[in-house]
Structures are given as structure tokens and as C-alpha cells.
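Single-letter residue listing:
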Amino acid sequence: MFFSGDSSNRKRVDLGGRSTKERDRQKLLEQTRLERNRRLWLRQQNSAATKIQKCFRGRKVATSEYSKVREQFYGTYGKHCQNADKSCFGPDSDFLRQLLFFFDARSVGDFSILVETCRLLKQFVRDTGDTVSLFAGMDYSSKHALVNYRVKKLAYLCIKAVHQNRNQLKDQLFASPQECTVPTTLLLETVVLLIDHKLPWVCKTVSYLLERKAFTLFREIILTGRASIETHNCIDRVSSLERTLAVVIPHVGQEPCNCPNVGPHWSFSSQILTIPFLWKLLPYLRGVFATRGLSQHYIHQMALCVHNHADVLPNDTSVELPSYACLLGNILDSSGVALSQPDCSFEMAVDLAAVATFLLESLPSIKSSNRQSKEDSMVGEDDTEGDDAMEICLNNDLERQICEAIDSRFLLQFTNVLFGGISLVSDSHKAPDDREVSAVGAACAFLHVTFNTLPLERIMTILAYRTELVPVLWNFMKRCNENQKWSSLSEQLAYLLSGDAPGWLLPLAVFCPVYKHMLTIVDNEEFYEQEKPLSLKDIRSLIIILRQALWQLLWVNPTAPSNSSKSVTSTPAKKKHPVEFIQQRVGIVASELLSQLQDWNNRREFTSPSDFHADGVNDFFISQAVIENTRANDILKQAPFLVPFTSRVKIFTSQLAAARQRHESNSVFTRNRFRIRRDRILEDAYNQMSALSEEDLRGPIRVTFVNEFGVEEAGIDGGGIFKDFMENITRAAFDVQYGLFKETSDHLLYPNPGSGMIHDQHLQFFHFLGILLAKALFEGILVDIPFATFFLSKLKQKYNYLNDLPSLDQELYRHLIFLKHFKGDISELELYFVIVNNEYGEQTEEELLPGGKNLRVTNDNVITFIHLVANHRLNYQIRQQSSHFLRGFQQLIQKDWIDMFNEHELQLLISGSLDSLDIDDLRRNTNYVGGYHSEHYVVDMFWEVLKSFSLENQKKFLKFVTGCSRGPLLGFKYLEPLFCIQRAAGSATDEALDRLPTAATCMNLLKLPPYRSKEQLETKLMYAISAEAGFDLS
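Residues numbered from 1 in each chain as written. Predicted model: local features only at pLDDT ≥ 70, side-chain atom pairs only at ≥ 80, totals over all residues. Heavy atoms only, no water.

1. What to know about the overall build of the chain
Here comes step 1: Secondary structure assignment for the chain yields 45 helices and 10 strands.
Here comes step 2: For the chain, the residues scored as buried account for 51% of the 1034 residues in total.
Here comes step 3: Counted over contacts in the chain with a minimum sequence separation of 6, partners at least 24 positions apart contribute 76%.
Here comes step 4: Only carbon and sulfur atoms are counted for the fraction: they give 49% of the accessible area of the chain, which is about 49,600 Å². (Helix = DSSP H or I, 4+ residues; strand = E, 2+ residues; numbered from the N terminus. Buried < 20%, exposed > 50% of the residue type's maximum accessible area, 1.4 Å probe, protein only. Contact = heavy atoms within 4.5 Å. Areas by Shrake-Rupley, 256 points an atom, 1.4 Å probe, with all protein chains shown as cover.)

2. A word on the sheet that holds strand E9 (residues 998–1000)
Here comes step 1: An order of E7-E8-E10-E9 is seen for the 4 strands of this open sheet, with the pairing classed as mixed. What marks the edges here is a single partner per strand, and that holds for strand E7 (926–929) and E9. When the angles between neighbouring strand axes are averaged without regard to direction, this sheet yields 25°.
Here comes step 2: As judged from the 4 bridges shared by E7 and strand E8 (residues 979–983), these two strands associate in the parallel manner. Paired with Asn 927 across the strands is Cys 980, a residue of E8. (Pairing = 2+ DSSP bridges. Axes fitted to C-alpha atoms, helices over the stretch in contact; angles between N-to-C directions.)

3. Re unusual backbone geometry
Here comes step 1: The peptide bond linking Lys 532 to Pro 533 adopts the cis configuration, its omega dihedral lying at -5°.
Here comes step 2: Mapped onto the elements of the fold, Pro 533 is located in the loop between helix H24 (524–529) and helix H25 (536–556).
Here comes step 3: Each neighbour pair has its own omega, and for Glu 976 with Pro 977 the value is -15°, a cis peptide bond.
Here comes step 4: Locating Pro 977 in the fold gives a position in the loop between helix H43 (951–962) and E8.

4. Notes on helix H27 (residues 578–603)
Here comes step 1: In a regular helix each residue adds 1.5 Å, so 26 residues correspond to 38 Å; H27 covers 38 Å between its end C-alpha atoms and thus fits that length.
Here comes step 2: Within H27, 19 of the 26 residues are buried, which leaves the element mostly enclosed by the surrounding structure. (Expected span 1.5 Å × (residues − 1).)

5. Side note on the side chain of Asn 601
Here comes step 1: Relative to the assigned elements, Asn 601 resides in helix H27.
Here comes step 2: Engagement of the side chain of Asn 601 in a polar contact is seen with the backbone nitrogen of Phe 606, the distance being 2.8 Å.
Here comes step 3: Sequence-distant contacts of Asn 601, defined by excluding residues within four places in its chain, comprise Phe 606, Thr 607, Ser 608, Pro 609 and Phe 612. (Polar contact = N/O pair within 3.5 Å; in protein donor to acceptor, adjacent residues only side chain to side chain.)

6. Considerations on the packing of aromatic side chains
Any aromatic ring pair is given by two values, namely how distant the centres are and how the planes are angled relative to each other.
Here comes step 1: For the coordinates displayed, the defined rule picks out 53 aromatic pairs.
Here comes step 2: When the centroid spacing of 5.4 Å and the interplanar angle of 50° are considered together, the rings of Phe 787 and Phe 791 count as tilted. Like Phe 787, the residue Phe 791 is buried in the burial classification.
Here comes step 3: The ring of Trp 600 carries the charged tip of Arg 603 above its face, separated from the ring centre by 4.7 Å.
Here comes step 4: Positioned above the aromatic ring of Trp 555 is the side chain of Arg 631, whose terminal nitrogen or guanidinium carbon lies 5.4 Å from the ring centre. (Phe/Tyr/Trp six-rings, centres within 6.5 Å; stacked < 30°, edge-to-face > 60°. Lys NZ or Arg CZ within 6 Å of the ring centre and 35° of its normal.)

7. Points about the packing of helix H2 (residues 95–102) against helix H5 (residues 140–164)
Here comes step 1: At a closest axis distance of 11 Å, the pairing of H2 and H5 adopts a crossing angle of 45°. Here H2 is positioned oblique relative to H5, judged by the angle of their axes. In terms of crossing hand, the pair formed by H2 and H5 is left-handed. Contacts from Leu 96, Arg 97 and Leu 100 in H2 reach Arg 150, Lys 153, Leu 154 and Leu 157 in H5.
Here comes step 2: A class-by-class count of the residues in the contact of H2 with H5 yields 4 nonpolar, no polar and 3 charged. (Parallel < 35°, antiparallel > 145°, perpendicular 65-115°, else oblique. Left-handed = near helix turned anticlockwise from the far one by under 90°. Nonpolar A, V, L, I, M, F, W, Y, C, P; charged D, E, K, R; others polar.)

8. Examining the side chain of Asp 523
Here comes step 1: Looking at where Asp 523 falls in the secondary structure, it is placed in the loop between helix H23 (505–519) and H24.
Here comes step 2: Here Glu 525 takes part through its backbone nitrogen, which lies 3.1 Å from a polar atom of the side chain of Asp 523.
Here comes step 3: Residue contacts for Asp 523: discarding those within four places in its chain leaves Trp 600, Tyr 813, Ile 817, Lys 820 and His 821.

9. Examining the nonpolar core
Here comes step 1: Counting 287 residues, the largest nonpolar core has Tyr 515 and Phe 725 as the members making the most contacts within it.
Here comes step 2: In terms of residue count, H25 provides more of this core than any other element does, 12 residues in total.
Here comes step 3: In this view, Tyr 515 contacts Val 470, Phe 527, Pro 533, Leu 534, Ile 539, Leu 542, Leu 593 and Leu 597; residues no more than four positions away in its chain are not counted.
Here comes step 4: With 30 residues, the next largest nonpolar core counts Ile 919, Leu 946, Ile 981 and Ala 999 among its residues. (Core = buried A, V, L, I, M, F, W, Y, C linked by side-chain atoms within 4.5 Å.)

10. Considering the pattern of salt bridges
Here comes step 1: Counted under the stated rule, the structure contains 36 salt bridges.
Here comes step 2: Where Arg 119 meets Glu 116, a salt bridge forms, and the shortest distance between an N and an O atom there is 2.4 Å. With Arg 119 and Glu 116 both in helix H3 (residues 108–128) and 3 residues apart, the pair spans about one turn of that helix.
Here comes step 3: It is possible to trace a salt-bridge network through shared partners that takes in Asp 523, Glu 526 and Lys 820. (Salt bridge = Lys/Arg side-chain N within 4 Å of Asp/Glu carboxyl O.)

11. Description of the packing of H43 against helix H45 (residues 1014–1026)
Here comes step 1: Running from N to C, H43 and H45 point in directions that differ by 70°, and their axes come no closer than 9 Å. Taken as axis vectors, H43 and H45 run roughly perpendicular relative to one another. The residues of H45 that touch H43, namely those facing Asn 953, Lys 956, Phe 957 and Phe 960, are Leu 1021, Met 1022, Ala 1024, Ile 1025 and Ser 1026.
Here comes step 2: Residues of the contact of H43 with H45, tallied by class, amount to 6 nonpolar, 2 polar and 1 charged.

12. Details of the UniProt feature "active site" (unreviewed entry) in the chain
Here comes step 1: UniProt records the feature "active site" (unreviewed entry) for Cys 1002 in the present numbering.
Here comes step 2: Structurally, Cys 1002 is set in the loop between E9 and strand E10 (1005–1008). (UniProt positions renumbered as here; feature names shortened; annotations may be inferred.)

13. With respect to helix H17 (residues 396–405)
Side chains of residues three or four places apart in an α-helix project in the same direction, reflecting 3.6 residues per turn.
Here comes step 1: Of all the residues in H17, the buried ones are Leu 398, Glu 399, Gln 401, Ile 402, Cys 403 and Ala 405.
Here comes step 2: Its side-chain oxygen at 2.8 Å from the backbone nitrogen of Asp 397, Asn 395 defines the N-terminal cap of H17.

14. Focus on a nonpolar patch on the surface
Here comes step 1: Among the surface-exposed residues, Met 757, Ile 758 and Tyr 840 lie close enough to one another that they form a single nonpolar patch of about 310 Å² accessible area.
Here comes step 2: Tracing the chain through its elements places Tyr 840 in the loop between strand E5 (834–839) and strand E6 (842–847).
Here comes step 3: On the basis of relative accessibility, which here comes to 51%, the residue Tyr 840 falls in the exposed class. (Patch = residues over 30% accessible without salt bridge, like charges linked within 9 Å, V, L, I, M, F, W, Y side chains within 5 Å.)

15. Remarks on the environment of Cys 403
Here comes step 1: Following the sequence through the fold, Cys 403 ends up in helix H17.
Here comes step 2: A C-alpha to C-alpha distance of 8.6 Å links Cys 403 and Gly 329, two positions 74 residues apart in sequence.
Here comes step 3: Residues in contact with Cys 403, not counting those within four places in the same chain, are Ile 366, Leu 454, Pro 455 and Arg 458.

16. Some words on the environment of Ala 614
Here comes step 1: Following the sequence through the fold, Ala 614 ends up in the loop between H27 and helix H28 (619–625).
Here comes step 2: When the C-alpha atoms of Ala 614 and Val 643 are compared, they prove to be 6.6 Å apart, with 29 residues separating the residues in sequence.
Here comes step 3: Not counting the four nearest positions on each side in its chain, Ala 614 is found in contact with Arg 547, Trp 551 and Leu 642.

17. A closer look at the environment of Pro 558
Here comes step 1: Positionally, Pro 558 belongs in the loop between H25 and helix H26 (571–576).
Here comes step 2: Assessed through its relative accessible area of 30%, Pro 558 is described here as partly exposed.
Here comes step 3: In this structure, Pro 558 is in contact with Gln 552, Leu 553 and Arg 631, ignoring residues within four places of it in sequence.

Following this line, the structure appears as C-alpha cells:
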């Protein structure tokens, strides 16, 4: 009711900010554009219709013309060529002109005519013996253009006819020439006849076939017929298809052939060599390919594609049969024959290595023969990896083909061709030449990828013992290191290593695992005396090279943060980060080799132990090494020998102290109190300690001793009595008289294999002894138990080898080495794969292999026999005892704590140094109270007396004052608390001076009266330390 006026006069406002005129202009432009597009579409539609009509009319006219010529042909020569004679193939006849014009491979009638034509052609050639005159008459030179055209068209149509009808003829595709009435045989044998190498048109004909992608046609023919080949028993005969390919593939453009090179996409390598199990289908062709120098040409062609990163392979036949894997299998399968040829060139071996390396790198790992294990491993991959994380599982037969192709024969021939011209006694001051760099680069690239893809057992043994790989690689690395020639190898391997990766990476990646494998079987005489395969001087140089490389990889230029090591272990990661993967691999294998060389050095020292220590280990590194998930901590786990032993002991001690502190903070009162009878110490300790939980074992244990009269001994356990208990219990438990342990000839302890014959609960006792030893280590108490090295290996969960056998049985070791080097016929010794166990007079015979009692030892299997005997003695016989001991030991001591130490160092952790006690070190770290001081005359007498004691009496004294006969591993500076001498009597009366010295072991305190003479002090002190009166003297 408030409105007035005419609403039509109100001004319209465009909220879009544009005027009406502008809006109309945009609309007009849009309409114009649409009209233009519509007119263009109409023109294109009309043009397309015109082309279709033109094509249709052309095809219609051509079909009509084909039919007309076909009818003329029928009228002249008959529907089955019954009117054809020898002259029909001549240049003046219309027979071939008409046939080549109207022939349609899809027509049954035309196919029959072509088959009959081929039959006639073969018959006429057989009758006359002259193919050229049959096609050209008397003068080929004047008719060569026409003749060449007809021949090449006829040959192509024969192949095309087989290809077009391959599904209908699939049972005949691999027919042999003997089946002369089979259509495929007639057609393909005609092609063989037409491209005989003696004919003048052969190269032009083959060139014509290759230009029309004949190998693609052959591929499809073979793939169609392979399913039925075995059912028709054609494998043992040379098929016409093989014969056809055999006369085509030699045309590679080399003299006298002048065929142009076909593109790599349509070549024999790409189309035929990628067919799964090609040589099983075409065994005759394998011989032709491998023995006539053809493999060198085709492998070189593929090598060029690898270097140019060209993808020329056809589509995969199936997911489990990818083309690149089939190509690899076929190349490796035939290369063994090719490499054995006298004319096999160095260049061919280098090209083969490049191609095989590229293809192997693309291959999923086939180390495990169990397909299920692969599938299980794939389930655990991180989903964020995407499609790359899904590895393809290869066909089992294809895996087997690839694995079996890289056999001993192949590896021997491959390395012989590559290293044939390389001298092993080259001047160390002369840098390697280009040929040697190429040879080493090719071998290392191929073998590195092989190690990470295929099972290693057979490969390693062959490379270590039947090739010159180790001396060749060492000679090369030594000269490269001295002459700084590594850059040339980096350039050689640019297709595999990108960026500024050091040239020593790949040689070390191959050398380390092969030499490590060799060291597991080399005996002590070969290593130390004969210095095979490397001299001790060379090994010292090798240790320095490995140490520097390892420190560079792990600390100076690490590849990735410590928590990302998993990211470069999978196959997709290898493709994305090849340098990072190789660096990580070298870090692992170099660590393993250096650790093994350190073991050899511990057996018999040939270099200073400090040669294994990295130069860059400093206080900062040590402070970082105790922190989990730091780079220094990872190095400590992977390559502990880089860190000096004393530094590792400090880290170990700090780890134990932290563990004890964590437990003590949770328990205010001591819950575990043992009442131990001295004459029944082992039984009482076993019964009371076995009842404790793992948490209780980590806590403090207080001990009260009961003497032989049933009376509790004086003294309150502040730690000293427990140390005395630990020393006594370990001495009793590990005594060989108890039957759980035996001694070697060097008086070193190892589990008694016959312990079950003495104690029914022997395995429970071994578990207890493991706990006992771990408790001593956990509390920092040194115990005098010398273990055999091969048993200490079990604490580190390591496997013992032949060269560990001397630490158990030197005589058996000598006998086995005698067998190893025996020159005669070993079978005459009448040895079998059995071993006789003799425990407590009871002899038992045990087979080393199933059926071993019927398997005689011969020259071929003697190495296997030697290692089975060593394995039986060092690993198998004590497996149960060692397993239970280890289980108890690991209740208190974590595996990564002792992994920092080798077996020799672990013995030092358990028992301390076997050298004499350093009395001067003890004196420097001694406190004095009660009126004594370092210059006091009684103190001077005491140190003179102690120095004059024998080592045995010095150890008794140390046990008397500290509760343990061994000093701290790093010296008395680390004794807690420091040793202290207290004046025992206030006055020097005769009554006071008649007292014996006493001790408080929990305080490491000696209470020494002020004796007047050295003789009196010596007598009293000797009586006190020898009385063995428990703690009643305290």
C-alpha cells in the first residue's frame, strides 16, 4: 500500500558489473564460434564420407579385378594347378604374375593354390637342380628386376599364409621337412629354398621380408604353436620353421651380406628372443644362433639399446612371463655355447654383461624357491610404496631356466673371456688400462646384480675356487687405490651408477662376498703358510682399504638416515636408488669380511689389532654410540671393530650400569637372599637361582655362606660376599669333573656332547649355567673360565667352519687337511659319510647325510665330507647344550650388547686379561686412611712384598680384598670403589702386631696392621690370603 508509480520505468542493474551491450557482444561471439565449429564438423564429416566411399569403391573394384584375374587363372592353369608346368615359373609366364596379384591368405581356395604351387616349385627344382633358371630362364641379368620382385613376393606370401592360418594349422606349425605333404612344411620349405645363400637374390628377398616385419609374424606363429608342440612329439626333429629362421637370422648386414639393419623393435632380438623357453621349442636354432657368431651381433644390438635406454621389447605374453625375463633366460641359455667358441671376442662378453646386468636388475628376487614365502613377504610391504611395492612373481620354470643358465660352465667361460688377457703380476705402480677397466667393470656389474637376484650357494663356490676373480679384482683394486684411477671405472659404469658414486663401490660389492666365502673353506696352512689366495702383506693393505671405505660409507658420507635402511632393500628401491642400494650393500659385505679377517688375526696375529680401528673415532662418536637410533650406534652394531676395544668396553659397562640402575630404582629392598652351604654350593645355587624370575635375576642378590659345621659365616654381604660366591660357584659348575663341560688339549672349556649320559637334567643345568655366566657379566664380576673359541661363537649365534676345528681337535683337523690335499684316489681309503662318536667308552655311528653309510667318499665329494665332519663336531654335537646355555644367557645379556665384541674380546669380558696383574696400576689407584699415606714405610713394605708374590698369590690377594681374583678389564682405575688400605691397629703393640690382615670385600678395603718388618708383613699376609677361612677373618 506504500507503492506508487509505474514499475516499468525503473532502471535495471546488472549485478555482474557488465552493461547490457557488453553481455550481448559476448553472446554473439559465442554463437559465432559454435556456428564455425558446426560448419567445420560438417566439412570433416563430408570429407570422411568421401574417403570411405572412395576406399570402398576402390576395394570393390580391386575385389572385382581379383576375381576376374582369379577366374582367368583357373581357366588357364586349373583350380588345383593341374595344368601348370615348369615353364609357368619363367619370366614370360602369367602364372606367378596372376597368383601374386589375386592371392588372399584368408581364402581357402587361394591357400590351396599357393600350397600346390610350392609343391610344384620344389618338385621342379628337385628335377632340374637349378632354381635361378627356373625363374629367370637363360638370362637372369636382363630379367633380375622382375625375378627378384616375384621371388620376394612369393616368399613373403608363404610366410603370410602360415601366419594368417596359424590357428587352423596350429598342430602343423612345428612340422618337420620329412612331413612333406603338410601345408606348413611346403610353404616354409619353399621360403628356405628361395633364400638359399647361394642364390643371387637372397639379400634383397630377406631385406623385403624384414621390412615387412617378418620376425613379428614368426613370433605369433611360434606362440600359437608352442602349446601343441609337445603333444605331437616334434621336439627331437628339426622343424621347417626352425630351418626358415636359421636361413634368415644370419643376414645381419656383415660381409658378404648387404642387408640393411632392421629397426630394433622388429628385430630377431626383440621379437623372437623374448619368446618364453625359445630354445626348448627350437633347439636347432639355438645351435645356429650360438655357434655362427650371430649371438655377438644380436647381443651387441641389445647392448646399444641398453646404453641408449631404449625400450624395444614387445608386450608380455603373460604376467608371469614378462618379455625381459624371457629374453634374459634365452640369452643366458645360449651364451654358454657362444662363450665357449674359439672366436668369441672380449667385446661380446662385455656386451653380454651389459645386457644381462640390465635385465637381471629388472628381475624380482628369485633367491627363494618357495613361492609362498615371496607372497608372504609382499604382504608386509608398506602400502605407501604404491604399485612399485607389488613385485611380480615369475613362472617357476622361467626362474629355473635363469638360475640353471648361470652355472659353473657359464661363469668359468665368462670370466675366462673377460680376464683372459689380464696379468696377475702387473706392476703395482702402473694404472689399469682401458681393457682391464672394461673387463672388471663388466664382471662386477653383472655379478653384483646376480648376487642380489639369484641363489648364492653354487655361484659363490664356483667364483671362489674355480675362477681367478679374487686375485684379478684384488690386483685391480690395489693398483687403482695406489694410482687413484677409480674415476675411470665410474665412467665405465655410468649406465648403472649415476652421479658422483665412487668407482670402488662395485669392485668391493663383488670382491667382499666372494673372498669371504673363500675364507670359510681355506685352511690355516693355506692362509698363513702358503698365503693363498692373497699374501699376508696384501691382506694388511686390504684391511686398510676396507676400513677406510667402510668409515666413508657409514660415517663421513652416509647414504640415508639410520631409520631408513629398509627403504633401499626391496627390488623397487634398487631401481629407484641404485647407488644407495649398492652403498648399503657394500657397507654390509665389507663389515662381514673385515669381521672375518679379524677372526683370522685373533687366531694368529699377522697385523696390529689397531689396523681395524677407524681413524675418526673420537669422544663425540663415543657419546653418540650409546644413544639408540643414532648413526654412531648403528655403526657400533654393524662394524664394531672400527671402534677401539677399550671404548666398546666403556660403552658396554655404561649399558650394564644403566640397566642395573633402572632395576634398582624399582626395588628399594633386596628381595633375594641365598643361604649357601660351601660344600653343596652348586646344588644350593641351582635350586635357589632357578626359582627366580628374570626381573629378580637382574636385581641384587645377597648371600650368606654356611661352613662345613653348619654355622653361618661372619660378614654382612655388601657385594663382596656375592662376588666370592660367584667366583666359587662358577669354578664348581664349570669344573670338568662335574661332567657338563669338557676340555680341549689347550684346557679350554666347551659343552660335553655326552652330558646327557651323566645328568638326566643336563639341559636345565646348561640353562642355569647360562644364567650364571650372564649374571657375572651383568654385575661386572670377572670369572676365571677359559672357553673354547668355537663355543663362544654360539653365544654370538654364529656358525663354526673348518678353520675353527683346531680349537677343538687339532688331530682331527690335521687328518681332514690331509684328505683335502690328498693326490691319490680317495675312494681307495674306504671312507663313508658316517662319523663315529665315542663318549665314555660307548661308540655310536652317525650318518653325515641320509644314506651316508652307503655313500663312499671320493675325490669329487671329499670337500663336502670334510665340512660335514667339521660341522658335526663344531655345531651339531653341542647344538642342544649350546641352545639352552644361550637361552639362559640371554635372559640377562641382550644380544646386541655382546655383538659389539668378537670371540677373543668376549673371553676378555668374561675373564679379563690373562697377563700378569699390573701391581703398579693398582698402586696408582689406591687410597689410604687411618694414618697411612703413599710414602708411609709400612705402605712401601706392603707394595714390595706384593710385587714379590707369584702371579697365583697375587690373584689370591686380589680375591682376598675384592672378592674376585681378576682385576677390572680396563685397569684398577675402574674398580668401584677404589682399593683402599686402612691402618688396622691404633698402636704398634706386640698384641696388635700379632693380628692378621683382614678385608672388607664390599668396600675393596684392606685392614693392614703396622708391621715392623717386611718378613713379618709377608708371613702374615701370605697366611691370610691362603687360609681360605671364608669371611671369618673379617
